[in-house]
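Summary of the model geometry
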Amino acid sequence: MTFNRRTFLGTGVAAAAALQAPMVLGAAKPRVVVIGGGAGGATAARYIAKGSKGAIDVTLVEPSRSYYTCFFSNLYIGGFRELSSIAHSYGKLASEYGINVVHDWAVGIDRDAKTVTLAGGGWLPYDRLVLSPGIDFIDGAVGGWDVTAQNKMPHAYKAGSQSELLKAQIESMPEGGTFAMVAPPNPFRCPPGPYERVSMIAHVLKERNPTAKIIIADPKPKFSKMALFQEGWANHYDGMIDWIGPDFGGDIVSVDPDAMTVTIDGEITPVDVCNVIPAMKAGRICEMAGITEGNWAPVDGRTMQSRLDENIHVLGDACAQGDMPKSGFSANSQAKVAAMAVRAALTDSKMFPAKFSNTCWSLIGTNDGVKVGATYEATEEKIAKVDGFISQTGESGELREATYEESIGWYAGITSDMFG
Ligand SMILES: Cc1cc2nc3c(=O)[nH]c(=O)nc-3n(C[C@H](O)[C@H](O)[C@H](O)COP(=O)(O)OP(=O)(O)OC[C@H]3O[C@@H](n4cnc5c(N)ncnc54)[C@H](O)[C@@H]3O)c2cc1C
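In this text the structure is predicted, and so the values were computed from the model without any measurement.

1. What about helix α10 (residues 397–419)?
Side chains that are three or four residues apart share a direction in an α-helix, a result of its 3.6 residues per turn. In this model, α10 (23 residues) spans 33 Å end to end at C-alpha, consistent with the 33 Å of a helix rising 1.5 Å per residue. Every buried residue of α10 is listed here: R400, T403, Y404, S407, W410, Y411, I414, T415, D417, M418 and F419. Remark: G420 follows α10 within two positions and exhibits a positive phi of approximately 85°.

Set out below in structure tokens:
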């Protein structure tokens with residue numbers, strides 16, 4: 001059966017009423033559905049279940065059985081990690097925290113009936129809904145590219161098979177070949193991500209294919225940790241990387257995946273590998289729920305509640321995050337605020353003022369790690385930066401190695417905070 005909003009409302013309300021009946025009798029627990037089992041969603045599900053000690057029924061909807069973190073996927077491409085080391089399963093969330101893990105796509109949200117429809121045909125009622133579906137790409141953002149071309153020109157901005165494909169393509173580039181990256185406009189997932197990726201690819205090429213070239217076509221005049229990356233590229237990969245900003249047409253780019261060419265400001269360049277990272281928007285389910293304004297979902301940072309529906313909390317990359325960058329650390333930090341707000345709304349637990357933090361690490365070359373980070377607080381208008389820090393150019397090798405070691409500890413910590 002195909003649902004439209006009208007027919008769905010009709011059946012949904014009746015079914016929801018039937019399902020809610022036991023709650024009136026005091027038998028049922030409040031229900032939370034979390035859509036997306038990534039950095040934001042897995043953390044939120046775990047903190048809601050753990051913190052409420054069984055008082056709230058938590059269902060996590062996530063299509064994949066293995067979650068590959070985008071964080072450290074660049075290190076996999078660079079040969080510093082195995083793919084298996086960035087794969088995580090949902091078993092502990094089910095067995096240790098009692099979370100009902102449903103491996104399916106959420107394909108519809110009826111905000112009046114408070115139900116989520118699943119691709120497999122089922123549906124889930126909720127008292128509070130948490131949305132952390134990450135990003136999707138804006139159609140037509142890069143001329144000549146759409147997802148049907150992602151095997152010829154991978155984005156590798158959702159980790160797993162795309163990361164494997166990009167790594168394999170780089171490793172089989174012809175001697176002296178050309179790698180091109182089409183970088184995205186702001187705001188996008190992981191501001192230093194494309195530039196860490198270029199560093200890792202240069203690391204591979206320096207070892208396997210030292211006469212190869214890297215071109216970055218970038219619509220932005222500057223990017224995260226720019227001075228640190230440029231210093232690192234000069235130190236490690238001198239002459240290999242050519243960054244083309246908007247002054248030189250980096251913002252006027254199209255690609256031809258069949259011909260394997262990139263056209264920058266009218267000039268056609270044949271390439272051997274092309275990593276297209278298109279402009280981004282909130283995961284599609286947010287649009288389907290009608291809680292986006294423009295490309296992202298506006299939220300009240302004090303609770304991560306949608307500004308368009310108080311029964312929905314949006315976190316991670318999908319939300320309009322004020323001053324916070326779109327990162328796994330940000331999503332994890334926001335998830336804890338959302339979990340606290342959900343527990344406070346549905347049980348008698350306390351709500352404290354929202355505080356957030358973020359650090360983005362990048363590896364530029366072997367043991368050459370850099371970082372940028374900040375703390376944030378929620379104001380009525382937005383998530384506002386309080387103070388920050390950044391690695392400096394010219395730092396000692398010992399300090400850079402310590403920063404890399406710190407990032408390894410962070411990875412172990414955040415993934416166990418997500419998956420138990
Ligand atoms: C190359 C790269 C490097 C990065 N490095 C770092 C780093 O070093 N540090 C850092 O903090 N961050 C890093 N990030 C960013 C980080 O990966 C993201 O910011 C983070 O994953 C966002 O979390 P999220 O919960 O919003 O989305 P995700 O982690 O992407 O999770 C979204 C989940 O929702 C699921 N989903 C989507 N739609 C539906 C639906 N309709 N129904 C059910 N499930 C759905 C998806 O399958 C996915 O598992 C990096 C990103 C990239 C691409």
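2. Examining the site of the ligand
Contacts to the ligand come from 34 residues, most closely from E62, Y67, S132, R189 and D317. A distance of 2.6 Å is found between an oxygen atom of the ligand and a side-chain nitrogen or oxygen belonging to E62. Relative to its unbound accessible surface of 990 Å², the ligand loses 93% to contact with the protein. Of the residues contributing to the shell around the ligand, the split by class is 17 nonpolar, 11 polar and 6 charged.

3. Details of unusual backbone geometry
In this model, N186 is joined to P187 through a cis peptide bond whose omega is -10°. Mapped onto the secondary structure, P187 falls in the loop between β11 (178–182) and α6 (193–208). Its identity as a non-glycine residue notwithstanding, K53 has a phi of 50°, on the positive side. The class for K53 is exposed, based on a relative accessible area of 74%. In the Ramachandran plot, K114 falls in the positive-phi region, its phi being about 55° despite a non-glycine side chain. As for its position among the elements, K114 is in the loop between β6 (106–110) and β7 (115–118). Residue classification places K114 among the partly exposed residues on the basis of a relative accessible area of 22%.

4. A few points about the nonpolar core
Among soluble globular proteins, nonpolar side chains are generally buried collectively. Ranked by size, the top nonpolar core spans 123 residues in total, and within it V116, L131, I214, W233, C274 and V314 carry the most contacts. Non-local contacts of C274, meaning those with residues more than four positions away in its chain, are made with M153, P154, A180, V182, V255, M260 and V262.

Cut-offs applied
Residues numbered from 1 in each chain as written. Predicted model: local features only at pLDDT ≥ 70, side-chain atom pairs only at ≥ 80, totals over all residues. Heavy atoms only, no water. Helix = DSSP H or I, 4+ residues; strand = E, 2+ residues; numbered from the N terminus. Expected span 1.5 Å × (residues − 1). Buried < 20%, exposed > 50% of the residue type's maximum accessible area, 1.4 Å probe, protein only. Near = heavy atom within 4 Å. Polar contact = N/O pair within 3.5 Å; in protein donor to acceptor, adjacent residues only side chain to side chain. Areas by Shrake-Rupley, 256 points an atom, 1.4 Å probe, with all protein chains shown as cover. Nonpolar A, V, L, I, M, F, W, Y, C, P; charged D, E, K, R; others polar. Core = buried A, V, L, I, M, F, W, Y, C linked by side-chain atoms within 4.5 Å. Contact = heavy atoms within 4.5 Å.

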